[in-house]
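Listed below are the residues making up each chain.
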Amino acid sequence: MPRITKVYTRTGDNGTTALGGGQRVPKESLRVTAFGTVDELNSNLGVALAVGVSERLQAPLQAIQNELFHLGSDLCMLEEDKQKWPIPQIEARHIEALEQLMDELMDAVGPLENFILPGGSQTSAHLHVARTVCRRAERDVVALSREETIGSFVIKYLNRLSDALFVMARYENFVRNVPDVIWDSRA
């Protein structure tokens, strides 16, 4: 694990940043944009946890935050550098855990009978914001994957995570006895 003794380096003052393998790239590159959006997603999950999600979601969300760091390390290393420096990466087991969590929570909340709007309880609303940031991260990663090779489970994980965040948002409303906000298609 890296030991950070100084936060500022001044090396980014010219509009570039270093990837995990040491390569300097523009800060607006697809790769930096992708892992930056993943970082934004992680921060939004931190807000949801700080506001006080239900006890059932605390441990899974903390695990997801850690997994997003795996995903960020996966994205900040070029594939050829992963051969030289083994890093934590997203694996099939992380996706399977999200699917198991969704199945459990869906059993509790029941099937969706209409489209819903983001909102309800405060924690549900925060999880909906995180879900939309996750969708943006997924789009950023897909754009990157069209130009460069990325880890094989990154897109699948983000796709599943956005679904899981939707289900968690519904669960937050359910355990707080706050109804989901139903979309009125005739309004």
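Residues numbered from 1 in each chain as written. Predicted model: local features only at pLDDT ≥ 70, side-chain atom pairs only at ≥ 80, totals over all residues. Heavy atoms only, no water.

A. Quick look at helix α2 (residues 55-75). Here α2 contains 21 residues, and its C-alpha end-to-end distance of 31 Å stays within 8% of the 30 Å for a straight helix at 1.5 Å per residue. Where α2 is concerned, the buried positions are Leu-57, Pro-60, Leu-61, Ile-64, Glu-67, Leu-68, His-70, Leu-71, Gly-72, Ser-73, Asp-74 and Leu-75. Among the structural elements, α1 (30-51), α3 (79-84), α4 (92-109), α5 (122-145) and α6 (154-175) are those in contact with the buried residues of α2. (Helix = DSSP H or I, 4+ residues; strand = E, 2+ residues; numbered from the N terminus. Expected span 1.5 Å × (residues − 1). Buried < 20%, exposed > 50% of the residue type's maximum accessible area, 1.4 Å probe, protein only. Contact = heavy atoms within 4.5 Å.)

B. Structural context of unusual backbone geometry. At Asn-177, a position not held by glycine, the phi torsion is positive, near 60 degrees. Take Asn-177: it is sitting in the loop between α6 and β4 (181-182). Its relative accessible area of 71% is what places Asn-177 among the exposed residues.

C. Seen up close, the packing of α1 against α5. At their nearest, the axes of α1 and α5 sit 9 Å apart, and the two run at 170 degrees to each other. Accordingly, the angle class assigned to the pair α1 and α5 is roughly antiparallel. For α1 against α5, the interelement crossing comes out left-handed. Partitioned by chemical class, the residues of the contact of α1 with α5 number 17 nonpolar, 6 polar and 4 charged. (Axes fitted to C-alpha atoms, helices over the stretch in contact; angles between N-to-C directions. Parallel < 35°, antiparallel > 145°, perpendicular 65-115°, else oblique. Left-handed = near helix turned anticlockwise from the far one by under 90°. Nonpolar A, V, L, I, M, F, W, Y, C, P; charged D, E, K, R; others polar.)

D. Summary view of the nonpolar core. Residues Leu-41, Leu-61, Leu-75, Leu-165 and Met-168 are the most contacted members of the largest nonpolar core, which totals 46 residues. Per-element tally for this core: the top contributor is α6, with 10 residues. Once residues within four sequence positions are removed from consideration, Leu-61 is found in contact with Leu-45, Leu-49, Val-53, Leu-127, Leu-165 and Met-168. (Core = buried A, V, L, I, M, F, W, Y, C linked by side-chain atoms within 4.5 Å.)

E. Structural view of the state of the cysteines. Enumeration according to the criterion identifies 0 disulfides in this entry. Here Cys-134 is not disulfide-linked; the sulfur of Cys-76 is the nearest cysteine sulfur, at 18 Å. (Disulfide = S-S within 2.5 Å.)

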